[in-house]
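# Tertiary structure, described
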Amino acid sequence: MGSIGKERTIVGWAATDPSGVLTPHTFTLRNTGPEDVFIRVKCCGICHSDIHQVKNDLGMSRYPMVPGHEVVGEVMEVGSEVTKYKAGDIVGVGLLVGCCRSCRACESDIEQYCNKKIWSYNDVYTDGKPTQGGFAESMVVDQKFVVKIPEGMSPEQAAPLLCAGVTVYSPLIHFGLNQTGLRGGILGLGGVGHMGVKIAKAMGHHITVISSSDKKRVEALEHLGADDYLVSSDKEKIEAAADSFDYIIDTVPVNHPLEPYLSLLKVDGKLILMGVINTPLQFISPMVMLGRKAITGSFVGSMKEMEEMLEFCREKGLSSMIEVIKMDYINTAFERLEKNDVRYRFVVDVEGSDKLVQQ
């Protein structure tokens, strides 16, 4: 425990400009404080929002930037006031590593909506040092933002749950959409969408996957267990499905029309936006007024919800469909993800990438 309070120099893969290309980068971790956990990273999932960040699509990127916010690792040591974890525990870290702890959101245990939240990368910590993510050897994280991975769940399977899993789980719980018998739609079958199908089905819902083409029909119905499949350009079938869904989880991360999907909702149905889109979306107001429908959004989930979601997935035997890669493949993986060429989540084997500093 002698290294507590001392900076460590480690290697990660960082973007240094808006090209988004990641290369080996040496940096120092912030000092390990009394409530901090020092984690050796085992693996880290790749989220579509990582691409937005490394390419400065949202106009707020800081370089050099080590992305990655679906992190699973082993606790190597803990600060003197850490009570929840011990060396040897397998733990996860998601999108956040800090919050103010005093605002309404924080006091309500929904710290993801704190206006002073601190992102796990591309942000500045309270000590003035930049935060860096999970595509690196190690992390130092406040114990509040660490979650224990259930026994029997592999690190690679757990990683996508820390963002994709909780992103779907949170709104289903918050909006009371976790009772059996509901009819739901999952718009977009990517990393978040495929977990949406699995989690909603485990809650007892009738689930329809809505996609832009027919190419994922077999996967959705036979591999993921969806009940039905709609192609968004098939106007006849879209019209036939009108007023039939209690909710639609919209995971599409690019601009798209909302009106076709609003038409699918029952009275009081909800269209829940989850894709990060940096251009305005449009709809005409009667589409929501004449059915008392709601367009809403949801952002990842709280630490409490993350713990609940992991236990839910353990109880139901849910896992994510992943492709495990080494660190030196990460730029190719980013290119493939932009083309939606992955089933359904890349997970980087950080620990197994022993040539971490080589391209």
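As the structure is a computational prediction, the values presented were derived from the model and not from experiment.

Once that is clear, we can look at the layout of surface pockets. When its volume is computed, the second largest pocket comes out at roughly 220 Å³. What lines the second largest pocket is a set of 15 residues, and nearest its centre among them are Leu29, Arg30, Pro130, Thr131 and Gln132. If you list the elements that add at least two residues to the lining of the second largest pocket, you get strand 2 (22-29), strand 9 (130-131) and strand 10 (138-142). The element that contributes the greatest number of residues to the lining of the second largest pocket is strand 10, accounting for 4 residues.

Counting residues in each nonpolar core, the largest one holds 97 residues, and the members touching the most others are Ile46, Phe135, Leu172 and Ile330. Lining this core are residues from two domains, each supplying at least three of them: domain 1 (8-163 + 321-349) and domain 2 (165-297). In this structure Leu172 touches Leu177, Asn178, Ile199, Ala200, Met203, Tyr247 and Ile249, once residues within four positions along its chain are discounted. Within the second largest apolar cluster, 15 residues are counted, among which are Ile210, Leu230, Ala241 and Leu265.

Below, the discussion takes up the pattern of salt bridges. Using the criterion set out here, one finds 23 salt bridges in the structure. Lys42 serves as the salt-bridge partner of Glu351, at 3.2 Å between the closest nitrogen and oxygen. In this pair, Glu351 sits in the segment after strand 19 (345-348) while Lys42 sits in strand 3 (residues 36-45), placing the two residues 309 residues apart along the sequence. By relative accessible area, which is 38% here, Glu351 ends up partly exposed.

The rules we used
Residues numbered from 1 in each chain as written. Predicted model: local features only at pLDDT ≥ 70, side-chain atom pairs only at ≥ 80, totals over all residues. Heavy atoms only, no water. 1 Å grid on protein atoms, 1.4 Å probe; cavity = no way out; pocket = protein on both sides within 12 Å on 5 of 7 lines; lining within 4 Å. Points joined across faces, edges and corners; volume = space filled by probe spheres on them. Helix = DSSP H or I, 4+ residues; strand = E, 2+ residues; numbered from the N terminus. Core = buried A, V, L, I, M, F, W, Y, C linked by side-chain atoms within 4.5 Å. Buried < 20%, exposed > 50% of the residue type's maximum accessible area, 1.4 Å probe, protein only. Domains from an automatic or database assignment. Contact = heavy atoms within 4.5 Å. Salt bridge = Lys/Arg side-chain N within 4 Å of Asp/Glu carboxyl O.

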